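# Commentary on secondary and tertiary structure
The primary structure of each chain is shown beneath.
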Amino acid sequence: MTVSALAVVAVLAVQAEGTASPPAARAEPAASPSKSGPSKSDPSGEKHDTPRLPPRGSGEGRRVVYSLGQDRIWLAEGSGDRNLVTFTAWPGSVDPRVGEHKVTGRRDATTGSDGVPVVRVVYFDNSGGAAAAFSAARDGSSPEPAPGKKTGAVRLRSKDSQSLWSFVEVGTSVVVVR
(Lines give C-alpha, C1' and ligand atoms only; values in the text may rest on other atoms or scores of the structure.)
Protein backbone atom coordinates (compact mmCIF):
# COMPACT_ATOMS: atom_id res chain seq x y z
CA MET A 1 0.00 0.00 0.00
CA THR A 2 2.85 2.40 0.79
CA VAL A 3 4.41 1.70 -2.62
CA SER A 4 1.09 2.48 -4.35
CA ALA A 5 0.74 5.74 -2.46
CA LEU A 6 4.30 6.77 -3.36
CA ALA A 7 3.63 5.95 -7.02
CA VAL A 8 0.51 8.16 -7.03
CA VAL A 9 2.42 11.02 -5.38
CA ALA A 10 5.24 10.68 -7.93
CA VAL A 11 2.80 10.78 -10.87
CA LEU A 12 1.08 13.87 -9.44
CA ALA A 13 4.42 15.61 -8.88
CA VAL A 14 5.47 14.98 -12.49
CA GLN A 15 2.14 16.28 -13.76
CA ALA A 16 2.38 19.42 -11.60
CA GLU A 17 5.95 20.06 -12.75
CA GLY A 18 4.86 19.78 -16.39
CA THR A 19 2.14 22.39 -15.98
CA ALA A 20 4.17 24.92 -14.03
CA SER A 21 5.01 28.00 -16.04
CA PRO A 22 8.55 29.36 -16.04
CA PRO A 23 9.14 32.28 -13.69
CA ALA A 24 8.68 35.68 -15.31
CA ALA A 25 11.47 38.22 -15.26
CA ARG A 26 9.09 40.63 -13.57
CA ALA A 27 5.77 40.16 -11.84
CA GLU A 28 2.66 41.11 -13.76
CA PRO A 29 0.80 44.29 -12.85
CA ALA A 30 -1.99 43.85 -10.34
CA ALA A 31 -4.94 43.73 -12.73
CA SER A 32 -5.61 41.72 -15.81
CA PRO A 33 -6.79 43.59 -18.90
CA SER A 34 -10.52 44.09 -19.10
CA LYS A 35 -13.38 46.16 -20.33
CA SER A 36 -14.38 48.58 -17.64
CA GLY A 37 -16.81 47.10 -15.23
CA PRO A 38 -17.29 45.63 -11.78
CA SER A 39 -14.75 43.76 -9.67
CA LYS A 40 -12.29 41.51 -11.43
CA SER A 41 -9.69 39.00 -10.25
CA ASP A 42 -5.99 39.53 -10.79
CA PRO A 43 -3.67 36.66 -11.73
CA SER A 44 -3.01 35.92 -8.04
CA GLY A 45 -6.74 35.44 -7.46
CA GLU A 46 -7.22 38.59 -5.38
CA LYS A 47 -10.41 40.58 -5.91
CA HIS A 48 -10.15 44.27 -6.67
CA ASP A 49 -12.14 46.97 -8.37
CA THR A 50 -11.23 47.87 -11.93
CA PRO A 51 -11.50 51.64 -12.24
CA ARG A 52 -14.56 52.26 -14.38
CA LEU A 53 -13.60 55.70 -15.65
CA PRO A 54 -10.36 57.55 -16.22
CA PRO A 55 -9.36 60.00 -13.48
CA ARG A 56 -11.11 63.37 -13.36
CA GLY A 57 -9.36 66.06 -15.34
CA SER A 58 -8.07 63.62 -17.93
CA GLY A 59 -9.75 65.37 -20.82
CA GLU A 60 -12.55 64.56 -23.21
CA GLY A 61 -12.86 63.04 -26.64
CA ARG A 62 -10.91 60.19 -28.18
CA ARG A 63 -7.71 59.79 -26.15
CA VAL A 64 -5.37 57.49 -24.30
CA VAL A 65 -5.19 58.22 -20.56
CA TYR A 66 -2.13 56.99 -18.67
CA SER A 67 -2.15 57.21 -14.85
CA LEU A 68 1.34 57.22 -13.36
CA GLY A 69 0.03 56.49 -9.87
CA GLN A 70 -2.11 53.54 -10.93
CA ASP A 71 0.12 52.24 -13.77
CA ARG A 72 -3.15 52.02 -15.71
CA ILE A 73 -4.19 52.99 -19.22
CA TRP A 74 -7.66 53.79 -20.55
CA LEU A 75 -8.61 53.95 -24.22
CA ALA A 76 -11.37 56.57 -24.05
CA GLU A 77 -13.79 57.15 -26.89
CA GLY A 78 -15.28 60.47 -25.87
CA SER A 79 -18.43 61.88 -24.38
CA GLY A 80 -19.42 59.98 -21.25
CA ASP A 81 -16.44 57.64 -21.69
CA ARG A 82 -18.62 54.58 -22.12
CA ASN A 83 -17.28 51.26 -23.41
CA LEU A 84 -13.78 51.97 -22.19
CA VAL A 85 -10.98 49.50 -22.50
CA THR A 86 -8.59 49.65 -19.54
CA PHE A 87 -5.53 47.69 -18.57
CA THR A 88 -2.41 47.94 -16.43
CA ALA A 89 1.14 48.62 -17.59
CA TRP A 90 4.75 48.36 -16.43
CA PRO A 91 6.42 51.81 -16.26
CA GLY A 92 9.99 52.53 -17.35
CA SER A 93 12.59 54.27 -15.22
CA VAL A 94 11.66 57.76 -16.50
CA ASP A 95 8.05 58.96 -16.29
CA PRO A 96 6.59 61.00 -19.14
CA ARG A 97 5.57 64.57 -18.32
CA VAL A 98 2.12 65.02 -16.80
CA GLY A 99 -0.18 66.71 -19.30
CA GLU A 100 -1.52 66.25 -22.81
CA HIS A 101 0.70 64.87 -25.55
CA LYS A 102 0.09 63.67 -29.09
CA VAL A 103 1.15 60.38 -30.62
CA THR A 104 4.20 61.44 -32.63
CA GLY A 105 5.03 58.16 -34.30
CA ARG A 106 4.45 54.43 -34.53
CA ARG A 107 6.86 51.63 -35.29
CA ASP A 108 5.99 47.99 -35.92
CA ALA A 109 9.16 46.66 -34.27
CA THR A 110 12.51 47.86 -32.95
CA THR A 111 14.86 47.35 -30.03
CA GLY A 112 14.02 49.34 -26.90
CA SER A 113 16.51 51.58 -25.13
CA ASP A 114 16.95 48.74 -22.62
CA GLY A 115 18.01 46.32 -25.37
CA VAL A 116 14.73 44.38 -25.38
CA PRO A 117 13.17 43.64 -28.81
CA VAL A 118 9.74 45.33 -28.81
CA VAL A 119 6.70 45.49 -31.08
CA ARG A 120 3.82 47.93 -31.67
CA VAL A 121 5.72 50.98 -30.40
CA VAL A 122 3.65 54.16 -29.95
CA TYR A 123 5.76 57.29 -29.23
CA PHE A 124 4.15 60.22 -27.41
CA ASP A 125 6.68 62.27 -25.37
CA ASN A 126 10.38 63.04 -25.42
CA SER A 127 11.33 64.62 -22.11
CA GLY A 128 13.50 63.71 -19.19
CA GLY A 129 16.22 62.29 -21.42
CA ALA A 130 14.18 59.34 -22.68
CA ALA A 131 11.53 58.92 -25.36
CA ALA A 132 8.21 57.85 -23.82
CA ALA A 133 6.46 55.13 -25.74
CA PHE A 134 4.00 52.31 -25.20
CA SER A 135 5.23 48.92 -26.44
CA ALA A 136 5.20 45.18 -25.83
CA ALA A 137 8.25 42.98 -25.54
CA ARG A 138 8.40 40.67 -28.56
CA ASP A 139 8.71 37.65 -26.25
CA GLY A 140 5.90 38.87 -23.97
CA SER A 141 8.16 39.52 -20.98
CA SER A 142 8.53 42.71 -19.02
CA PRO A 143 11.92 42.81 -17.39
CA GLU A 144 12.99 45.30 -14.76
CA PRO A 145 14.47 48.44 -16.34
CA ALA A 146 18.23 48.01 -16.83
CA PRO A 147 20.13 49.56 -13.90
CA GLY A 148 21.48 53.00 -14.72
CA LYS A 149 19.62 53.29 -18.02
CA LYS A 150 16.99 55.92 -18.71
CA THR A 151 14.04 54.29 -20.39
CA GLY A 152 10.66 55.85 -21.01
CA ALA A 153 9.22 52.54 -22.16
CA VAL A 154 5.76 51.81 -20.82
CA ARG A 155 5.43 48.07 -21.40
CA LEU A 156 2.13 46.40 -22.10
CA ARG A 157 0.99 42.82 -22.41
CA SER A 158 0.87 41.76 -26.04
CA LYS A 159 -2.94 41.68 -26.16
CA ASP A 160 -3.14 45.18 -24.64
CA SER A 161 -0.55 46.58 -27.06
CA GLN A 162 -2.68 45.25 -29.94
CA SER A 163 -5.71 47.12 -28.56
CA LEU A 164 -3.70 50.33 -28.18
CA TRP A 165 -2.11 49.93 -31.65
CA SER A 166 -5.56 49.59 -33.25
CA PHE A 167 -6.93 52.56 -31.27
CA VAL A 168 -4.27 55.21 -31.97
CA GLU A 169 -2.87 56.98 -34.98
CA VAL A 170 -0.35 59.79 -35.23
CA GLY A 171 -1.97 62.84 -33.60
CA THR A 172 -4.16 60.92 -31.11
CA SER A 173 -4.11 62.58 -27.67
CA VAL A 174 -2.28 60.89 -24.81
CA VAL A 175 -3.12 62.41 -21.44
CA VAL A 176 -0.69 61.60 -18.62
CA VAL A 177 -2.06 62.11 -15.10
CA ARG A 178 -0.64 61.51 -11.64
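Scroll up to find the structure.
Figured I'd write up the structure that's included with this text. (Residues numbered from 1 in each chain as written. Predicted model: local features only at pLDDT ≥ 70, side-chain atom pairs only at ≥ 80, totals over all residues. Heavy atoms only, no water.)

## A look at the sheet that holds strand S10 (residues 130–137)
Rule in force here: Paired strands are those between which DSSP finds at least two bridges. In this text, helices come from DSSP runs of H or I with a minimum length of four residues, and strands from runs of E with a minimum of two, each type numbered from the N-terminal end. Fitted lines through C-alpha atoms give the axes, limited to the stretch in contact for helices. The angle between two N-to-C directions lies from 0 to 180 degrees. Whether two residues touch is decided by their heavy atoms; if any such pair falls within 4.5 Å, the residues are in contact.
The sheet built from four strands is open, its strands ordered S8-S9-S10-S11 with mixed pairing. Strand pairing shows two members of the sheet lacking a second neighbour, strand S8 (105–111) and strand S11 (152–155), which therefore form its edges. For this sheet, the mean angle separating the axes of adjacent strands, direction not counted, is 35 degrees. As paired strands, S8 and strand S9 (residues 117–127) are joined by six bridges and run antiparallel to one another. Each residue of the ladder has a partner; that of Arg-106, found in S9, is Val-122. Helix H2 (residues 158–167) contacts S8, S9 and S10 of the sheet and is inclined by roughly 55 degrees relative to S9.

## Here we look at the packing of aromatic side chains
Short version of the rule: Side-chain rings of Phe, Tyr and Trp, where Trp is taken by its six-membered ring, are said to pair if the distance between their centres is within 6.5 Å; with planes under 30 degrees apart they count as stacked, over 60 as edge-to-face, and otherwise as tilted. Exposure classes here rest on a 1.4 Å probe applied to the protein chains alone. A residue is buried below 20% of its type maximum, exposed above 50%, and partly exposed in between. Either the NZ atom of lysine or the CZ atom of arginine qualifies as a charge over a ring when it sits within 6 Å of the ring centre and within 35 degrees of the ring normal.
Following the criterion strictly, the structure yields two aromatic pairs and no others. Consider the rings of Tyr-66 and Phe-134, whose centres lie 5.9 Å apart with planes at 85 degrees: the pair is edge-to-face. One end of the pair, Tyr-66, is in strand S4 (residues 63–67); the other, Phe-134, is in strand S10, with 68 residues separating them in the sequence. The burial state of Tyr-66 is the same as that of Phe-134; both residues are buried. Pairing Phe-124 with Phe-134 gives two aromatic rings, centres 4.6 Å apart and planes at 20 degrees, and the pair type is stacked. With Phe-124 in strand S9 and Phe-134 in strand S10, this pair connects stretches of sequence that are ten residues apart. In this structure an aromatic cluster arises from ring pairing among Tyr-66, Phe-124 and Phe-134. The positively charged end of Arg-62 is found above the aromatic ring belonging to Phe-167, 3.9 Å away from the centroid.

## Some remarks on the pattern of salt bridges
Here is the rule: For this analysis, a salt bridge means a side-chain nitrogen from Lys or Arg found within 4 Å of a carboxyl oxygen belonging to Asp or Glu.
Counted by the stated rule, this structure contains five salt bridges. For Arg-62, the salt bridge identified is with Glu-77, shortest N-O distance 2.9 Å. Of this pair, Arg-62 sits in the loop between strand S3 (47–48) and S4 while Glu-77 sits in the loop between strand S5 (72–76) and strand S6 (85–88), placing them 15 residues apart in sequence. Judged by relative accessible area, Arg-62 falls into the partly exposed class, the value being 40%. Taking the relative accessible area as the measure of exposure, Glu-77 reaches 45% and is therefore partly exposed.

## So, the pairing of S9
For S9, the tally of buried residues reaches eight of eleven residues, placing the bulk of the element in the interior. Joining the antiparallel neighbours S8 and S9 is a turn of five residues, in which Gly-115 adopts a positive phi near 85 degrees. In this sheet, S10 lies alongside S9 in antiparallel orientation, the contact comprising seven bridges. When the sheet's bridge partners are listed, Val-118 is paired in S10 with Ala-137. The turn linking S9 back onto S10 is made up of two residues, and Gly-128 within it adopts a positive phi angle of 70 degrees.

## Topic: the side chain of Asp-114
The criterion, for reference: Whenever a nitrogen or oxygen atom comes within 3.5 Å of another N or O atom, the pair is scored as a polar contact, on the condition that within protein one atom can donate a hydrogen and the other can accept it, and that pairs from neighbouring residues in sequence are kept only if both atoms are in side chains.
Relative to the elements of secondary structure, Asp-114 occurs in the loop between S8 and S9. In this structure the side chain of Asp-114 is engaged in a polar contact, spanning 3.2 Å, whose partner is the backbone nitrogen of Val-116. Residues within four places of Asp-114 in sequence aside, it is in contact with Lys-149 and Arg-155.

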